[in-house]
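Below, each chain spelled out in residue letters.
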2 protein chains.
Amino acid sequence: MSDDAARLEAVVTQFRKAGINGALADCPVRGILDKISDKWSMLIVLELAPGAMRFNQIRRAIPDISQKMLTQTLKELQRDGLVSRTVFPTVPPAVEYELTELGVSLLRPFSILVEWADARYQQIERARSDFDAQAVA
Amino acid sequence: MSDDAARLEAVVTQFRKAGINGALADCPVRGILDKISDKWSMLIVLELAPGAMRFNQIRRAIPDISQKMLTQTLKELQRDGLVSRTVFPTVPPAVEYELTELGVSLLRPFSILVEWADARYQQIERARSDFDAQAVA
DNA sequence: CAGCATCCGTACTGATACTG
DNA sequence: CAGTATCAGTACGGATGCTG
């Protein structure tokens, strides 16, 4: 438990780490976290976990993503080095997306977060009901 | 490693878990993740990690949050059962915010994610530079 | 001290139509 | 198949002023 306390303090320190111009908002860790916590990034990374996929294959796997958002998010993931893009010069063209080593390394921390959410979401929903009931009264 | 593969498959399953009306977008796990990944929630949870704090104390600790967002985010965290709010009927009023057991339980998964970001952000920034240089060429 | 209410700009998103 | 381009709606977030 004191181990937890120590690592927690370290985490807070990392989180306060300022960016180039010294502003808290430029903390590189926060920047990364913002990126990966957008609406679709995580979902795509998870879909790619089992192996390479083609554009429309990913699209079918995530029915409620728009084509624009898929393109855009894949490009960001590629830019961040989490996903690689390979074009096969066939007709019609085929493009494969695959997690890089960096992308794969994200799976573990993320899966831990998902496990937390899965273990606790009922508790959270109960808390919300209680809170809302309280608010009415 | 096959252990990782097994837990990963479980995570994907959780992530596909549909909500009440069966739509993917209502996946309870995704709902929770959306919540905690907003601009300020995590920051506040981290600030509260060492112990209870008062409203303006938190505000000073996070200089770039507006009063509106602090109020709003604290209310959401309270609604989700992650933070407790205690009012001391003094003049002027004092209000203390503190992590609940549920809030504390989030520290570990989150700290793991922060540690990942801290260990990798330089690699990500390098990937971005490379990508942008490539795009120009 | 600890909020609430309002206004307003912008950034994110989706729908739609078009291309190599 | 795998995108690009454009437009329009919305939700997020900040600045400001006011209250118990």
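The preceding data block contains the structure.
This write-up is about the structure you can find in this document.

What counts and how
- Residues numbered from 1 in each chain as written.
- Chains lettered and ligands numbered in written order.
- Predicted model: local features only at pLDDT ≥ 70, side-chain atom pairs only at ≥ 80, totals over all residues.
- Heavy atoms only, no water.
- Least-squares fit on C-alpha atoms with pLDDT ≥ 70 in both.
- Contact = heavy atoms within 4.5 Å.
- Pairing = 2+ DSSP bridges.
- Helix = DSSP H or I, 4+ residues; strand = E, 2+ residues; numbered from the N terminus.
- Expected span 1.5 Å × (residues − 1).
- Bend = angle between axes of the 7 residues up to and from the residue.
- Near = heavy atom within 4 Å.
- Polar contact = N/O pair within 3.5 Å; in protein donor to acceptor, adjacent residues only side chain to side chain.
- Nonpolar A, V, L, I, M, F, W, Y, C, P; charged D, E, K, R; others polar.

## Considerations on the relation of the copies chain B and chain A
Between the two copies of this chain, the relationship is a rotation about some axis together with a displacement along it.
Here's step 1: When chain B is fitted to chain A, the best match, at an RMSD of 0.0 Å, comes from turning it 180° and sliding it 0.0 Å along the axis. Taken together, the rotation angle and the small translation identify this as a two-fold axis. It is serine 37 of chain B whose C-alpha, among those of chain B, lies nearest the rotation axis, at 2.8 Å.
Here's step 2: A share of 100% of the interface residues of chain B reappears at the interface of chain A, consistent with the copies meeting face to face through the same patch.

## Remarks on the sheet that holds strand 2 (residues 83–88) of chain A
Whether parallel or antiparallel, the strands of a sheet pair through hydrogen bonds between backbone atoms.
Here's step 1: The sheet built from 3 strands is open, its strands ordered 1-3-2 (chain A) with antiparallel pairing. Of all the strands in the sheet, just strand 1 (53–54) and strand 2 of chain A have a single pairing partner and so form its edges.

## Side note on helix 6 (residues 101–136) of chain B
Here's step 1: Helix length check: helix 6 of chain B, at 36 residues, gives a terminal C-alpha distance of 50 Å against a target of 52 Å (1.5 Å per residue), a fit within 8%.
Here's step 2: The largest bend in helix 6 of chain B is about 50°, located at arginine 120 of chain B.

## Quick notes on the protein's contact with DNA strand D
Here's step 1: Around DNA strand D sit 18 residues, and of these Arg54, Gln67, Arg85 and Tyr97 of chain A together with Lys68 of chain B come closest.
Here's step 2: The sugar and phosphate moieties of DNA strand D supply 59% of its atoms located within 4 Å of the protein.
Here's step 3: Lysine 39 of chain B places a polar side-chain atom, nitrogen or oxygen, 3.3 Å from a phosphate oxygen of DNA strand D.
Here's step 4: Mapped onto the surface near DNA strand D, the elements with two or more residues apiece are helix 4 (55–61), helix 5 (67–79) and strand 3 (94–99) of chain A together with helix 5 (67–79) of chain B.
Here's step 5: Of the residues assigned to the surface near DNA strand D, the class counts are 9 nonpolar, 4 polar and 5 charged.

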